[in-house]
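Take a look at the letters that make up each chain.
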Amino acid sequence: MITARQSRAARALLGWTQQTLADKALVSLTALKRLESQKGLRVYETTDDQVRRTFEAAGMVLLRTDDGEGVLLTSQQVKKAKSS
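Report on the accompanying structure. Fair warning: this is a prediction, and the values are worked out from it, not measured in the lab.

1. Observations regarding helix H2 (residues 18-25)
No. 1: Inspection of H2 places Leu21, Ala22 and Ala25 among the buried residues, and these make up the whole buried set. End-on, the buried residues of H2 take up no more than an arc of 100°, which puts them together on one face.
No. 2: The inward-facing, buried residues of H2 abut helix H1 (4-14), helix H3 (29-35) and helix H4 (45-57).
No. 3: Leu26 lies just past H2 and shows a positive phi near 60°.

Structure (structure tokens):
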């Protein structure tokens, strides 16, 4: 499961808008806005899964421990971005 904060942080690291992520994940913009809502709105499990898989394909690692959550942009993806 991906959290709203993780999604917003991952998008920021990748430089993606909500529309870009929605298009890449093949989900509606409305569903993505619900997922990223600070109100904790529920989304279908398939929406959550599509967004998570899209981030992972882009080189993101979603982190979660008892102490918190975060995202990591892998060095391979950073190198790709710099060479583009």
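That covers the picture; the talk isn't over yet.
2. What to know about the side chain of Thr54
No. 1: Position of Thr54 relative to the elements: it lies in helix H4.
No. 2: The exposure class assigned to Thr54 is buried, which follows from its relative accessible area of 12%.
No. 3: Apart from the residues within four sequence positions on either side, Thr54 is in contact with Trp16, Leu21, Lys24 and Ala25.

3. Some remarks on unusual backbone geometry
No. 1: With a phi angle near 60°, Leu26 is a residue other than glycine that sits in the positive phi range.
No. 2: With respect to the secondary-structure elements, Leu26 resides in the loop between H2 and H3.

4. Considering the pattern of salt bridges
No. 1: Per the counting criterion, the structure on display carries six salt bridges.
No. 2: Across the pair Asp49 and Arg53 runs a salt bridge whose closest N-O atoms are separated by 2.9 Å. Note that Asp49 and Arg53 are positioned in helix H4 at a spacing of four residues, about one turn of the helix.
No. 3: Glu56 is the partner of Arg52 in a salt bridge, and the nearest nitrogen-oxygen pair spans 3.0 Å. Remark: Glu56 and Arg52 occur in helix H4; sequence separation between them is four residues, near one turn of the helix.
No. 4: Take Arg52: its relative accessible area is 21%, and that puts it in the partly exposed class.
No. 5: Since its relative accessible area comes to 40%, Glu56 is described here as partly exposed.
No. 6: One salt-bridge network, held together by shared partners, links Asp49, Arg52, Arg53 and Glu56.

Conventions adopted
Residues numbered from 1 in each chain as written. Predicted model: local features only at pLDDT ≥ 70, side-chain atom pairs only at ≥ 80, totals over all residues. Heavy atoms only, no water. Buried < 20%, exposed > 50% of the residue type's maximum accessible area, 1.4 Å probe, protein only. Helix = DSSP H or I, 4+ residues; strand = E, 2+ residues; numbered from the N terminus. Arc of directions from axis to C-beta. Contact = heavy atoms within 4.5 Å. Salt bridge = Lys/Arg side-chain N within 4 Å of Asp/Glu carboxyl O.

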